[in-house]
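# Examining the three-dimensional arrangement
Here are the chains, one letter per residue:
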Amino acid sequence: MTRKLNLIYNKLYTRFGTQNWWPADTTFEVIVGAILTQNTNWQNVEKAIVNLKQYRLFSPQRLYRLRKEKLAALIKPTGYYNLKAKRLKEFLNFFFTFYKGSIERMSLVNTEKLRQQLLSVRGIGPETADSILLYALEKPVFVVDAYTRRILSRHHFIKDAATYKEIQNLFMKNLKKSVKLFNEYHALLVRLGKDFCLKNKPRCQICPLR
DNA sequence: GACCAGGCACATC
DNA sequence: GATGTGCATGGT
């Protein structure tokens with residue numbers, strides 16, 4: 001499986017090149033983006049981020065103080081805006097309660113322990129937690145998303161019923177634990193998914209992996 | 001107008 | 001443990 005996974009990576013990298021993830025100006029922005037992009041197009045998230053920046057609200061302190069209703073209105077383009085305002089608030093409460101709003105403090109914690117803490121926040125599930133760990137805090141954790149599952153499933157690398165952890169372990173136990181590799185690999189899978197592995201096209205004749 | 005997008009929590013069986 | 005549902009805007 002190690003060989004297979006490396007082969008896939010090489011094919012994707014040769015085809016698509018570096019993806020330059022995560023598209024964000026700051027570490028904190030990665031975290032906010034990770035929550036806002038849940039089941040949503042990234043372009044919509046960008047609109048919300050622009051809104052927040054326009055009002056100079058894009059800092060941990062200011063978002064922490066901002067009223068939830070106001071926050072919801074500003075992130076409207078991301079969809080599920082009431083829910084996501086609540087989730088951002090849940091994260092910020094956690095962030096200030098445990099780490100005084102400091103990424104540096106949070107980043108000092110043991111990765112597995114921090115992962116469990118993030119998962120205990122309402123609104124942060126496995127993909128969001130792992131996105132924060134990998135793309136914001138640069139911990140060697142593989143991120144699994146809908147595209148990852150779909151691609152692996154259609155190529156019969158996993159069962160349809162495979163759990164998040166099973167899929168994540170497939171990568172983490174068979175690849176070098178490298179932040180750079182995990183970063184690029186996940187981004188490339190998303191790229192492949194967007195371009196070739198759409199939900200309503202179960203048979204793709206031009207898949208670059210074939 | 002249908003379908004989909006870089007999920008998650010919660011209810012119910 | 002599996003399965004269903006609400007959350008919602010914007011692009012194709």
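Here the structure is a predicted model, which means the values were calculated and not measured.

The rules behind the values
- Residues numbered from 1 in each chain as written.
- Chains lettered and ligands numbered in written order.
- Predicted model: local features only at pLDDT ≥ 70, side-chain atom pairs only at ≥ 80, totals over all residues.
- Domains from an automatic or database assignment.
- Helix = DSSP H or I, 4+ residues; strand = E, 2+ residues; numbered from the N terminus.
- Expected span 1.5 Å × (residues − 1).
- Near = placed C-beta within 6 Å.
- Nonpolar A, V, L, I, M, F, W, Y, C, P; charged D, E, K, R; others polar.

## Observations concerning the domain arrangement of chain A
Examined at the domain level, chain A breaks down into domain 1 (2-20 + 142-196) and domain 2 (27-136). Spacing between the C-alpha centres of domain 1 and domain 2 amounts to 24 Å. A per-element tally of the side of domain 1 that touches domain 2 places helix α12 (residues 179-196) first, with three residues.

## Side note on helix α1 (residues 2-16)
Counted at 1.5 Å a residue, the expected span for α1 with its 15 residues is 21 Å, and the 21 Å between its end C-alpha atoms agrees. Positioned one or two residues after α1, glycine 17 has a phi angle of 75°, which is positive.

## Some remarks on the protein's contact with DNA strand B
Lining the immediate surroundings of DNA strand B are 27 residues, of which Gln38, Gly125, Thr128, Ala146 and Asn200 lie closest. Only α9 (126-136), α10 (146-154) and α12 provide two or more residues apiece to the surface near DNA strand B. Examining the composition of the surface near DNA strand B, we find that four residues originate from one element, α9, more than from any other. Counted by class, the surface near DNA strand B contains 11 nonpolar, 11 polar and five charged residues.

## Overview of the protein's contact with DNA strand C
Neighbouring DNA strand C are 13 residues; Pro77, Gly79, Tyr80, Asn82 and Leu83 lie closest to it. Among the secondary structure elements, those contributing two or more residues to the surface near DNA strand C are α3 (42-54) and α6 (81-99). At three residues, α6 tops the list of elements feeding residues into the surface near DNA strand C.

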